[in-house]
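Remarks on the overall topology
Residues per chain, in single letters:
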Amino acid sequence: MSKPKFKNPVVNWIDYRLPIFTFMNHELNEYPTPKNLNYFWNFGSLAGITLVTMIITGIVLSMNYTAHVDYAFDSVERIMRDVNHGWLLRYIHMNGASFFFIVVYIHIFRGLYYGSYKAPREILWILGVLILLLMMATAFMGYVLPWGQMSFWGATVITNLFSAIPLVGESIVTWLWGGFSVDNPTLNRFFSLHFVLPFVIVGVVILHLVALHRFGSNNPIGIDVKGKQDTVPFHPYYTIKDLFGLSVFTTIFAAAVFFFPNFMGHPDNYIPADPMVTPAHIVPEWYFLPFYAILRAIPDKLGGVLFMFGAIMVLFVLPWLDKSSVRSSQFRPLYKLFFWILVIDCIALGYLGAKPAEGIYVILSRIATAYYFFHFLIILPLLPRIESTRPLPVSISTPIITASSNASTVMAMREKK
Amino acid sequence: MTKKNTPEDQNKRDFLQVSTYALGAVGAASFVWPLIDQMNPAADTLALASTEVDLEALEEGQSITVKWRGKPVFIRHRTKEEISSAKDQLLDGLRDPQTDDERVQNDKYIVLVGVCTHLGCVPLGQKSGDVKGEYGGWFCPCHGSHYDHSGRIRKGPAPTNLEVPKYSFLSDTLIKIG
Amino acid sequence: MKFLKFLVIIIFSINFFLFGRVFAAGSKIEYPEKNWSFSTIFGSFDKASAQRGFQVYKEVCAGCHGMRLVSYRNLAALGYNQDELKAIAAQFEINDGPNDEGEMFTRPGRPSDKFLSPYPNDQAARAANGGAYPPDLSLIIKARPNGANYLHALLRGYEEAPNNIKVPEGMYYNKYYSGNLIAMPQPLYEDGVEYLDGTKASKDQMATDVTTFLAWASEPELEERKQLGVTVILFLIVFSILSYFSMRQIWAPIKNKN
């Protein structure tokens with residue numbers, strides 16, 4: 001060691017042997033970040049903090065929960081009524097799931113809008129989609145644990161999706177259930193998986209961060225960082241911005257937890273599971289509704305399942321569907337238009353997923369489903385051929401200049417290369 | 001950047017940022033409390049913290065064991081000899097000096113938490129065939145602690161006498177523990 | 001301000017999404033809305049009303065409906081003292097055991113006991129009610145959409161059936177019940193109970209009181225939750241403001257350069 005890096009000699013001693021402080025200093029303190037990030041870039045750190053909150057509250061809830069069909073419902077009610085602060089922990093966990101999806105969906109649409117999935121961030125994006133898939137599995141199994149009517153029937157319907165697989169479908173469903181219906185073995189394995197999957201998510205999140213720090217954050221303009229003048233150190237600039245974002249987010253979250261804790265839930269889940277009676281109108285949690293709408297839009301069992309999973313699979317190959325070299329929508333007028341149509345389409349799918357599958361809603365669901373795939377499979381690949389993108393600025397720190405002069409600068413830049 | 005600021009600006013800046021971080025720390029710390037407190041006994045556990053026992057059928061020289069807060073409680077209807085042996089014991093040389101009167105409400109009945117004060121095993125001596133130790137009361141087989149007719153430690157590693165739970169006589173033969 | 005614009009977009013789109021779902025799940029029957037004291041931001045339960053409601057539950061509902069998640073000790077939250085709780089609990093014969101002879105026995109209730117259920121199991125409950133299961137009431141307000149208004153309306157919704165509707169044997173006409181045919185006979189009649197505090201036991205009064213009582217039973221944490229909520233949110237607003245200005249201060253040199 002030529003020169004001690006840290007003032008504290010103990011820190012120095014440890015760091016020489018285990019360079020954890022150098023690592024943290026490099027990745028969380030000095031880490032150069034584009035200086036023009038807007039508030040939509042808060043949602044990455046918010047998602048991370050929400051994940052940690054979910055894990056912490058989940059661990060303490062598991063200390064009071066009993067995974068058995070005869071006791072699960074009552075043990076949750078015991079948490080609500082008798083365990084010290086149990087109601088608070090459970091409502092945080094329950095609403096936290098919804099807020100986790102709100103945050104992650106905004107995070108994903110931000111990525112879509114600013115082209116964050118494009119080279120060289122393809123693997124970063126793919127890891128993100130993987131996190132979404134794991135989150136969905138975890139959320140689904142978590143919803144089963146209180147063993148209310150919606151838990152039970154949600155589990156029944158979703159596991160039955162696998163029966164659509166030809167030949168082995170029925171065997172797979174029996175294997176998933178550990179019996180001939182959703183029952184105690186199912187509840188036990190779902191509890192086990194619901195406990196362990198979040199830690200798998202943490203693992204993928206770490207990879208997500210490693211991939212992120214390889215090239216750094218994308219930014220609203222979507223052009224690469226050209227040098228030091230374009231960046232600021234992560235700390236204190238983005239730590240304080242993330243802290244502010246976190247405080248606003250937590251305020252909204254607290255409003256839900258303390259004043260509308262059951263707003264995003266379903267009343268039927270306060271009725272203990274009854275394998276003999278299906279509730280009149282079963283809907284999944286709101287964050288699954290767009291996918292549920294796609295499932296129901298296809299008039300074929302296997303087809304519905306394939307399209308539903310296809311809706312996520314298509315995100316995996318997104319970096320190769322959209323070949324435009326311009327990242328940010330700010331410079332892609334047509335893409336921007338289609339982006340907003342996609343947003344409306346997804347909201348429409350969510351709305352339709354909650355409607356009964358009859359009459360006009362079926363037709364609308366089909367149109368919305370068709371458009372969803374049309375957007376990714378047809379519009380995105382074709383768009384670069386017909387779209388004339390607006391000229392890009394030279395760098396993040398260069399003030400936006402008029403279009404004509406800008407165009408010439410860009411030309412000049414290109415010639416230099 | 002900071003060099004251009006006057007010291008006053010610097011102070012104002014420090015105050016604002018330090019109070020932000022301090023408040024953040026307070027918020028995070030108060031979130032930790034529910035996480036810890038949930039491990040304390042819940043309301044239903046606390047509500048079950050008393051047990052009533054009818055001693056009507058307990059004859060002289062017999063013992064019963066009842067469960068209270070998940071632990072065994074020894075209740076013994078002592079014989080005259082046991083009572084006088086417990087009363088006559090001098091306090092000199094006792095490890096945890098207590099008179100028998102301090103340990104019973106009614107001389108006939110001794111009520112003890114049946115958990116050895118050494119490391120928490122349940123001592124023998126409730127059943128007639130049990131080893132009762134050198135002082136005729138209770139004997140802990142784990143590490144060899146001997147207790148007398150008043151549940152006082154007389155020999156072995158246990159530091160204190162067997163605990164007397166909080167209890168009261170609701171009638172001559174009905175007691176409420178806890 | 002850029003941030004406000006951003007916040008409005010986010011909140012608006014979330015609301016759009018969520019309210020869409022609520023409308024979608026809403027039922028066709030409209031219940032009269034009542035201003036419940038527990039529905040407001042600083043909401044609390046009307047203790048006197050809840051105590052009367054407990055009396056209605058005990059004398060009218062408890063014949064068929066259990067409340068297996070609630071204990072007698074919980075009634076302390078309605079303002080009963082320890083002696084009153086013991087007296088209330090002791091009115092009920094609770095099954096316990098096995099005793100030393102291996103026999104089950106009954107004993108007077110203790111505050112730590114759960115409410116005594118009218119039937120030993122679901123099958124017995126069905127058998128005694130012509131096949132219709134009288135649901136447990138511990139969570140009934142949370143387990144029905146718009147629970148308090150629904151129950152309050154349902155209890156007062158018994159009417160003569162219109163001529164075009166045939167009411168089968170063992171069913172009753174209720175204008176607020178989904179499908180209008182309910183297996184529960186009208187439970188509340190004028191002066192159906194004699195209130196201990198002398199309040200006139202009108203049908204509406206009893207429906208209001210028992211709804212208040214059941215709302216408390218569904219959400220016994222409500223008062224504590226809302227009080228803590230106000231504190232937490234005030235704290236977070238102060239923290240948001242502080243962190244906002246800290247952020248402005250830290251970013252000032254960067255912003256000024258542009």
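Since this is a predicted model, take the numbers as computed values, not measurements. (Residues numbered from 1 in each chain as written. Chains lettered and ligands numbered in written order. Predicted model: local features only at pLDDT ≥ 70, side-chain atom pairs only at ≥ 80, totals over all residues. Heavy atoms only, no water.)

Between chain C and chain A, the residue contacts involve 52 residues of the former and 54 residues of the latter. When the two sides are added together, the surface that chain C and chain A hide from each other amounts to roughly 4,900 Å², 76% of it contributed by carbon and sulfur. Here chain C is connected to chain A by two salt bridges. The interface formed by chain C and chain A holds eleven residue pairs in polar contact (both at pLDDT 80 or more) in total. Mapped onto the side of chain C that touches chain A, the elements with two or more residues apiece are helix H1 (2–25), helix H6 (203–218) and helix H7 (222–257) of chain C. If you tally residues by element for the side of chain C that touches chain A, the top one is H7 of chain C, at 19 residues. Of the residues in the side of chain C that touches chain A, the class split is 32 nonpolar, eight polar and twelve charged. (Contact = heavy atoms within 4.5 Å. Buried area = accessible area lost by both parts, 1.4 Å probe. Salt bridge = Lys/Arg side-chain N within 4 Å of Asp/Glu carboxyl O. Polar contact = N/O pair within 3.5 Å; in protein donor to acceptor, adjacent residues only side chain to side chain. Helix = DSSP H or I, 4+ residues; strand = E, 2+ residues; numbered from the N terminus. Nonpolar A, V, L, I, M, F, W, Y, C, P; charged D, E, K, R; others polar.)

To continue, consider the interface of chain C and chain B. Of the residues lining the interface, twelve residues belong to chain C; the matching set on chain B comes to 16 residues. Summed over both sides, the interface of chain C with chain B buries roughly 1,300 Å², with 68% coming from carbon and sulfur. For the interface between chain C and chain B, the tally reads two residue pairs in polar contact (both at pLDDT 80 or more). When the residues that make up the side of chain C that touches chain B are grouped by side-chain class, the tally is seven nonpolar, four polar and one charged.

Let us now look at the nonpolar core. Grouped together as the largest cluster of nonpolar side chains are 131 residues, with contacts concentrated most on Phe101, Tyr105, Trp147, Tyr372 and Phe376 of chain A together with Trp251 of chain C. Counting residues per element, this core draws most heavily on helix H5 (residues 86–113) of chain A, which supplies 16 residues. Counting residues in each nonpolar core, the second largest holds 39 residues, with Phe38, Ala89, Trp216 and Leu222 of chain C among its members. (Core = buried A, V, L, I, M, F, W, Y, C linked by side-chain atoms within 4.5 Å. Buried < 20%, exposed > 50% of the residue type's maximum accessible area, 1.4 Å probe, protein only.)

This part is about the state of the cysteines. Here, the word disulfide means a covalent bond between the sulfur atoms of two cysteines. Residue and element names in this part refer to chain B. One pass over the structure, following the stated rule, counts one disulfide over all chains. Note on cysteine connectivity: cysteine 121 is disulfide-linked to cysteine 142, with sulfurs 2.1 Å apart. Disulfide cysteine 121 to cysteine 142: torsion about the S-S bond roughly -100 degrees, handedness left-handed. Of this pair, cysteine 121 sits in the loop between strand S4 (109–113) and strand S5 (138–140) while cysteine 142 sits in the loop between S5 and strand S6 (145–147); the two residues are 21 residues apart in sequence, bridging distant segments of the chain. (Disulfide = S-S within 2.5 Å.)

Residue and element names in this part refer to chain B. This model, assessed by the stated rule, comprises 27 salt bridges over all chains. Here lysine 87 and aspartate 101 are joined by a salt bridge, their closest N and O atoms 2.4 Å apart. Of this pair, lysine 87 sits in helix H3 (residues 80–88) while aspartate 101 sits in helix H4 (residues 100–103), and the two are 14 residues apart along the sequence. For aspartate 101, a relative accessible area of 51% corresponds to the exposed category. Of the charged contacts, one joins aspartate 148 and arginine 152 as a salt bridge, the two residues approaching to 3.1 Å between their closest N and O atoms. This pair shows no difference in class: aspartate 148 is buried, exactly as arginine 152 is. Residues participating in the shared-partner salt-bridge network are Arg78, Lys87, Asp100, Asp101 and Asp107.

A few words on helix H5 (residues 147–155) of chain C. Each full turn of the α-helix corresponds to 3.6 residues, which orients residues three or four apart in the same direction. All names here are of chain C. Among the nine residues of H5, nine are classified as buried, and the element is accordingly described as predominantly covered. The set of residues buried in H5 consists of Gly147, Ala148, Asn149, Tyr150, Leu151, His152, Ala153, Leu154 and Leu155. The elements touched by buried residues of H5 are strand S4 (181–182) and H6.

A few words on the pairing of strand S2 (residues 63–68) of chain B. Note that S2 of chain B and strand S3 (residues 71–77) of chain B share six bridges and pair antiparallel. Within S3 of chain B, the residue paired with valine 66 of chain B across the bridge is valine 73 of chain B. (Pairing = 2+ DSSP bridges.)

What follows deals with the domain arrangement of chain A. Residue and element names in this part refer to chain A. Along its sequence, chain A is organised into domain 1 (31–282) and domain 2 (296–390). On a C-alpha basis, the centres of domain 1 and domain 2 stand 23 Å from each other. Contacts between the two partners involve 30 residues from domain 1, matched on the other side by 30 residues from domain 2. Both sides of the domain 1 and domain 2 interface together cover about 2,600 Å² of buried area, and 69% of this is carbon and sulfur. In this structure, the connection of domain 1 to domain 2 is made through two salt bridges. Aspartate 322 is the salt-bridge partner of lysine 118, the closest N and O atoms lying 3.1 Å from each other. Run the count over domain 1 and domain 2 and you get 13 residue pairs in polar contact (both at pLDDT 80 or more). Residue assignment for the side of domain 1 that touches domain 2 shows that the elements contributing at least two residues are H5 and helix H6 (122–144). (Domains from an automatic or database assignment.)

Once that is clear, we can look at the sheet that holds S6 of chain B. Residues and elements named next belong to chain B. Taken in spatial order, the three strands of this open sheet run S5-S6-S7, and their pairing is antiparallel. What marks the edges here is a single partner per strand, and that holds for S5 and strand S7 (153–155). For this sheet the average axis-to-axis angle between neighbouring strands, irrespective of direction, equals 30 degrees. Where S6 and S7 come together, two bridges link them in antiparallel fashion. In the strand pairing of S7, tyrosine 147 is matched with isoleucine 153. (Axes fitted to C-alpha atoms, helices over the stretch in contact; angles between N-to-C directions.)

Take the packing of aromatic side chains next. All chains considered together, the criterion is met by 52 aromatic pairs over all chains. Between the aromatic rings of tryptophan 286 of chain A and tyrosine 287 of chain A, the centroid separation amounts to 5.6 Å while the plane-to-plane angle is 75 degrees, which identifies the pairing as edge-to-face. Taken individually, tryptophan 286 of chain A and tyrosine 287 of chain A each receive the classification buried, so the pair is uniform in this respect. The rings of Phe54, Tyr57, Tyr72, Tyr80, Phe92, Phe115, Phe213 and Trp216 of chain C are connected pair by pair, giving a single aromatic cluster. The ring of tryptophan 41 of chain A is capped by arginine 110 of chain A, whose NZ or CZ atom sits 4.5 Å from the centre of that ring. One cation-aromatic arrangement involves arginine 214 of chain A over phenylalanine 215 of chain A; the distance from NZ or CZ to the ring centre is 4.7 Å. (Phe/Tyr/Trp six-rings, centres within 6.5 Å; stacked < 30°, edge-to-face > 60°. Lys NZ or Arg CZ within 6 Å of the ring centre and 35° of its normal.)

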